[in-house]
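Next come the chains, spelled out residue by residue.
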Amino acid sequence: MAEDVDLEELKRQTSQGDRIEEAASAEDRRDLVDDVVAELDAIDAGEKQKTVSVWDGPLAAFVRALEDDSERMDSIGHALQRNLGVEEGDIDRSEILRLALRVGFEEAAPEQFEALRDAVREHATKNL
């Protein structure tokens, strides 16, 4: 029976080119982690800003409307926090935008978002 399982796994890997794709994916992920760590180092050194700007009228109007209704803003912010699995805390304009970007990236590009998490961990422990 173990032979059947191994044979099925081998068929799956070779039929989709998984071995080559996995190696390329791992290399791409490592490159992204390295790039993010380098950017974090530049931010820490004061060479780059940690501000992100977006020009979007409807989104700006939406966020301002949220700011005018703290219950609504808290409700949406807490939903975003739950979606990311983080502890619920205070919600302000910056926090809701950070959370929304993270949820969007995590939903649209989960592997790349996980590379961001890896980079943040690596950066935090680099000088220990």
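Given the structure is predicted, the values throughout are model-derived calculations rather than measurements.

*Asks:* I'd like a description of the overall build of the protein chain, backed by residues and values.
*Replies:* Of the regular secondary structure elements, the protein chain holds six helices and zero strands. When the elements of the protein chain are put in sequence order from the N terminus, they spell out α-α-α-α-α-α. Split into buried and exposed, the 128 residues of the protein chain put 19% on the buried side. Considering only intrachain contacts with a sequence separation of at least 6, the fraction spanning at least 24 residues in the protein chain is 40%.

*Asks:* Requested: an account of helix α5 (residues 93–108), with residues and values cited.
*Replies:* Counted at 1.5 Å a residue, the expected span for α5 with its 16 residues is 22 Å, and the 23 Å between its end C-alpha atoms agrees. All buried positions along α5 are accounted for by Glu95, Ile96, Leu99, Val103 and Glu106. The buried residues of α5 occupy one face: seen down the axis, they fall within an arc of 100°. Set apart from the buried face of α5 by more than 90 degrees, the exposed residues are Phe105 and Ala108. Looking at the buried residues of α5, the elements they touch are α3 (57–67), α4 (70–84) and α6 (110–125). A side-chain oxygen of the first residue of α5 lies 3.2 Å from the backbone nitrogen of Ser94; this N-cap is Asp92.

Definitions and cut-offs
Residues numbered from 1 in each chain as written. Predicted model: local features only at pLDDT ≥ 70, side-chain atom pairs only at ≥ 80, totals over all residues. Heavy atoms only, no water. Helix = DSSP H or I, 4+ residues; strand = E, 2+ residues; numbered from the N terminus. Buried < 20%, exposed > 50% of the residue type's maximum accessible area, 1.4 Å probe, protein only. Contact = heavy atoms within 4.5 Å. Expected span 1.5 Å × (residues − 1). Arc of directions from axis to C-beta. Polar contact = N/O pair within 3.5 Å; in protein donor to acceptor, adjacent residues only side chain to side chain.

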